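Structural description and commentary
So the chains spell out like this:
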Amino acid sequence: MVKLLLFDIDGTLMEESPTHTASFNYICQSIYGVQTEIESFPRHGMTDTGILYGLLKKENVEDDQIRNSMKKAFSAMVEYVSANLKPDDYKLLDNVSAVLDKLHNSEYSLGILTGNLQAIASLRLEKSGISSYFVAGGYGDDSRVRSELVNHAIQRFGKSIERENIYLIGDTPLDIRAARDASVNAIGVATGVYKSSDLSGADLVLENFREEKKLFEFLKI
Ligand SMILES: [Mg+2]
């Protein structure tokens with residue numbers, strides 16, 4: 001049977017990337033001429049497209065203007081992150097490598113479901129040494145709406161698969177809502193800014209990936 005596990009990146013596989021975070025202020029200033037404060041913006045679980053909209057709308061930038069310069073802004077973001085990337089930007093969370101290794105040798109295929117732009121996700125996964133585990137992905141430049149990234153991931157996966165055999169793993173209530181909206185299973189892991197009680201809407205909640213036994217039992221591995 002075809003089964004697919006889709007992993008969020010920030011707060012799930014890795015710590016949030018300080019350079020990626022800083023790049024929002026950089027592109028808002030350099031492309032839109034607007035000063036923004038990404039640090040205080042509640043961005044966790046959002047797509048890069050959604051964050052950019054939210055940040056600029058807060059500064060009263062019009063929708064049309066945001067859309068018209070978005071391609072240019074995201075190119076500048078990729079350039080900024082590529083040029084400034086450091087080890088803090090791809091720091092794996094505890095026991096992630098071991099869990100991926102075990103899952104990789106199971107009947108599950110692994111994919112990515114992240115709000116990061118595809119180029120930035122690829123760069124960070126490559127640098128952290130885990131990119132070869134993942135065969136498909138949905139990214140922040142595919143859509144502003146997180147649940148829609150699931151369709152993009154399935155498309156790139158390229159195999160016919162039942163929604164009940166797809167599992168989305170993430171660290172925020174928005175990941176769980178995306179899973180529900182996309183009619184796939186939800187696994188919460190409380191290694192981001194949210195506590196496990198915030199993730200109680202998931203089918204399984206882990207404190208962290210040290211609880212691998214609980215995960216493998218749930219997945220029947
Ligand atoms: Mg996350």
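Residue positions within a chain follow its written sequence, with the count starting from 1. Residues qualify for local features only when their pLDDT is at least 70, as the model is predicted, and side-chain atom pairs are given and counted only at 80 or more; totals for whole chains, interfaces and linings, by contrast, use all residues. No hydrogens and no water enter the side-chain calculation; it runs on all heavy atoms of the structure.

**Digging into the domain arrangement of the chain**
The line we're drawing: These domain limits were set by an automatic method or by a database of domain assignments. We call two residues in contact whenever any of their non-hydrogen atoms come within 4.5 Å of each other. Simply put, the buried area is the total loss of 1.4 Å probe accessible area from both parts when two parts are fitted together. Basic side-chain nitrogens of Lys or Arg form a salt bridge, by our definition, when they fall within 4 Å of a carboxyl oxygen of Asp or Glu. What qualifies as a polar contact is a pair of N or O atoms within 3.5 Å, subject to a donor-acceptor requirement within protein and to the restriction that residues adjacent in sequence count only when both atoms come from side chains. Where helices and strands are cited, they refer to DSSP runs of H or I of at least four residues and of E of at least two residues respectively, numbered from the N terminus. Residues are grouped as follows: Ala, Val, Leu, Ile, Met, Phe, Trp, Tyr, Cys and Pro are nonpolar; Asp, Glu, Lys and Arg are charged; every other residue, Gly included, is polar.
What the domain assignment lists for the chain is domain 1 (3-16 + 90-218) and domain 2 (18-87). Relative to domain 2, the C-alpha centre of domain 1 lies at a distance of 23 Å. Contact residues are listed per partner, giving 23 residues for domain 1 and 20 residues for domain 2. Between domain 1 and domain 2 the total buried area reaches about 1700 Å² when both faces are included, carbon and sulfur atoms providing 65% of it. In this structure, Glu16 and Arg43 form a salt bridge, with 2.7 Å as the shortest nitrogen-oxygen distance. Run the count over domain 1 and domain 2 and you get nine residue pairs in polar contact (both at pLDDT 80 or more). Elements with a contribution of two residues or more to the side of domain 1 that touches domain 2: α6 (118-128), α7 (146-157) and α8 (173-181). At five residues, the largest contribution of residues to the side of domain 1 that touches domain 2 is made by α6. Of the residues contributing to the side of domain 1 that touches domain 2, the split by class is ten nonpolar, five polar and eight charged.

**What about the nonpolar core?**
In plain terms, the rule: We define a nonpolar core as any set of buried Ala, Val, Leu, Ile, Met, Phe, Trp, Tyr and Cys residues linked to one another through side-chain atoms lying within 4.5 Å. Buried, partly exposed and exposed residues are distinguished by accessible area as a fraction of the type maximum, computed with a 1.4 Å probe on protein chains only: under 20%, between the cut-offs, and over 50%, respectively.
Counting 53 residues, the largest nonpolar core has Phe7, Leu13 and Phe134 as its most contacted members. With six residues, helix α4 (residues 70-84) is the single largest residue contributor to this core. Lining this core are residues from two domains, each supplying at least three of them: domain 1 (3-16 + 90-218) and domain 2 (18-87). In this view, Leu13 contacts Phe7, Asp8, Lys91, Leu92, Leu93, Val96, Leu100, Ile112, Leu125, Ile130 and Phe134; residues no more than four positions away in its chain are not counted. Counting residues in each nonpolar core, the second largest holds 21 residues, with Leu149, Ile154, Leu168 and Ile176 among its members.

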